[in-house]
Amino acid sequence: MNKLFSVIIITIASNAISEPKVLDHLYEISEPNSRIAERVALVNATARNLELAAASSSLQELIDDISIMEGLSHIDQGKLLGNMAIISIASGDYESGLLSIKKSIDLMEMSIKPFDPIYIQALIVKGIGALAVDDFSNSKEAFRRAQHILHREHGVFTLSQLPLIDYLSLNNLETGNFLYADREQLFGVAIVKKEFGESSESIIPRLMHAGNYFTQRAMTIPLITDPDSMTQRAFIMKSAREMYEQTIKIYENLYGKDSLKLVPPLRKLARAKLNASMGRKSAGNDINRALEISSAKPEIDPAELHAVKIELADFYAITKDDRAAEQYIQTWEEMQQTEFTKKLAEKYFEETVRLYPPKIKHFSLDRRPDSAGDEEELYVDLEYDINNTGTVSRIRILHKNIPNDQARAVRQREKNTIYRPRISEGQLVAVEGNLLRQLFKVKKVDKTPQKPSEEKESEAD
C-alpha cells in the first residue's frame, strides 16, 4: 500500500473525544448532609455551564476542607476527586485530570468491588484523558473495563455501552487498528437492532451514525492502492450503503415512498456511492429521487431544496457530465429570488468548494524524515489554478520537508481533485493561484505489548 495513504483519522460522528463531553460524567453526591450535596450540585451546574475555572475553585475548596472530607465515605471522596478530574480534562489539563482520576479510583477501591457500576463514570473519564495524551493502552483498558461492568449489569447488548463503542473505535483508529474500529461500529448497529428490532424507526440514528462513519473511513483508502486494500475499501463502502438503504426501507414502510424523511438518507446514499470506485453513476438516481420528493412538497425548507439541486450539479461535476455547468447556473439564478436565498447562494458559490476526493487533515508517515527537526511541522505546499469547470490545472510544488515520492503523490491527488466552481454575477469563473499546505504526521503507535486475547470481539467481553 502506498505509505502516503495510511491516513490517520478521527471521524466519529459524535466527536467522541471533545473535551466538554467529559462533563456528562460528573458524579452527584448522595450525602445525608444535604448542604454538601447541594454544594456539589451547584459546582456541577457551574461546570456544565462551562464556567470551568469557577467550578474548579469551588470544588477545590470542598476537597481542601478536611472536616468535610473526613465526614465523607471513601466512595464520595472518590466522587469529588473524580469530578475534579473531569473539570481538569474539560479544561485541557490532562496531566492533572489523570492524576485526580487515579486517586479517585484508588479511594473507591477501598470500599467497593472491582465490578461495581460506580466505577463506570471514572473509567470513562480515565479513558478519555488517556486517549487525549496518546496513552492508548491505558485508554483501551479503561473503556473495556467500563464496558465489561455494563455487560455484567445489563447484558452484552446493553444500549448504555454505545458511547464506549465510539470511544473504542476512536482508540483503534488512532493506533491504525482500522478493522477493529469497523467491527465496533457494526457491533453498535447489532445492539440497537437487538433492542428495537430491524424495522424500528428507533434504530435509524445509529444506522445513520454508522453510515457516516463507514463513508468517511472508506475515503481514507484511495483508489490508487493495492488489491487487498481495494477489497477492504469496497467492503467498507458496501457497509455504508447498507446503513443508508436500511434507513430508507424503514422510512418507506412507515411513511411511504414520497416522504420527506427519505431525503436525508437518499442524499447520504448518493454521497456514499460517489465516493465508491464502482457504480458511481447510480448516485444520480438517488439525488434525482430526493429532488423529485423535495420539489413536490410545498412545506420543504427552501434551503434544503436548493441544497439538493446543488448536489445534483455536484454529481454531474464529479462524474464529468456536461450538464454540471447548466445545473449550477440555473440553481444560482433561482436563488436570486429572495434575500435569504441570495445569501445562501453566496455561501455555496462565493468560493470554490472541494468535492472529491475530500481534504484530509494529515497524511501519515512511518517515520520522521531525517531532514526535518524534531518539532518541525511536516508538510508540502502546492499552488494551482481551478478553471471554470472546477478542474485543477497548472499545479506545482512550492516547498516541502517530506520525501519526494510523498510530495509527488500529494501533487497527483490534488491534480485529480474536482471542485464546485465559483460563480460571480451569474458566470462560472476560474480562480488562479490557490494555495494548499498538506500536513503530515508520524504514525501513532501503541507500543505496549498486548495479550493475544485483548483484541477479542466486543460481544465476547
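Just so it is clear, the structure is predicted and the values come from calculations on it, not from any experiment.

**Student:** How should the environment of Phe196 be read in this particular structure?
**Tutor:** Mapped onto the secondary structure, Phe196 falls in helix α9 (residues 178-196). Residue classification places Phe196 among the partly exposed positions, given a relative accessible area of 39%. For the pair Phe196 and Ala409, spaced 213 residues apart in sequence, the C-alpha separation works out to 46 Å. Each residue touching Phe196, except ones within four places of it in the same chain, is listed here: Leu159, Ser202 and Ile203.

**Student:** Got a minute to help me understand the side chain of Arg233 in this structure?
**Tutor:** Among the structural elements, Arg233 can be located in helix α11 (residues 227-255). Of the polar contacts made by the side chain of Arg233, one reaches the backbone oxygen of Asn275; its length is 2.8 Å.

**Student:** So what exactly am I meant to see when it comes to the confidence of the model for the protein chain here?
**Tutor:** The predicted coordinates of low-pLDDT regions are not to be read in fine detail. Considering every residue of the protein chain, the mean pLDDT works out to 89; 90% of them sit at 70 or more. Every residue in residues 1-17 scores below 50 in pLDDT, and together they form 65 contacts with partners more than four places removed in sequence or on other chains. Predicted confidence for residues 451-461 stays below pLDDT 50, and this span has 22 contacts to residues more than four positions away or in other chains.

**Student:** How do you make sense of the nonpolar core when you look at a structure like this?
**Tutor:** Taken as a class, soluble globular proteins show a tendency for nonpolar side chains to be buried jointly. If you look at the biggest cluster of nonpolar residues, it comprises 66 residues, and the most contacted ones within it are Phe214, Phe315, Tyr328, Met335, Phe349 and Ile423. The dominant element in this core, judged by the number of residues it contributes, is helix α14 (residues 302-318), at eleven residues. One finds Tyr27, Ile101, Ile124 and Leu131 within the second-largest nonpolar core, a separate group that totals 49 residues.

**Student:** Is there a simple way to think about unusual backbone geometry in this case?
**Tutor:** Generally, phi is negative for residues other than glycine and the peptide bonds are trans, each holding for most cases. Each neighbour pair has its own omega, and for Tyr356 with Pro357 the value is -10°, a cis peptide bond. With respect to the helices and strands, the residue Pro357 is situated in the loop between β1 (353-356) and β2 (362-365). Look at Asp134: it is not a glycine, yet its phi comes out positive at around 65°. At Lys320, a position not held by glycine, the phi torsion is positive, near 60°. Here Lys320 lies in the loop between α14 and α15 (323-334). Overall, Lys320 belongs to the exposed group, its relative accessible area being 62%.

**Student:** Can you walk me through the pairing of strand β8 (residues 431-442) in this structure?
**Tutor:** Walk down a regular strand and you will see the side chains alternate between the two sheet faces. When β2 meets β8, the two strands line up parallel, connected through four bridges. Looking at the pairing, His362 lines up with Leu439 of β8.

Analysis parameters
Residues numbered from 1 in each chain as written. Predicted model: local features only at pLDDT ≥ 70, side-chain atom pairs only at ≥ 80, totals over all residues. Heavy atoms only, no water. Helix = DSSP H or I, 4+ residues; strand = E, 2+ residues; numbered from the N terminus. Buried < 20%, exposed > 50% of the residue type's maximum accessible area, 1.4 Å probe, protein only. Contact = heavy atoms within 4.5 Å. Polar contact = N/O pair within 3.5 Å; in protein donor to acceptor, adjacent residues only side chain to side chain. pLDDT = per-residue confidence, 0-100. Core = buried A, V, L, I, M, F, W, Y, C linked by side-chain atoms within 4.5 Å. Pairing = 2+ DSSP bridges.

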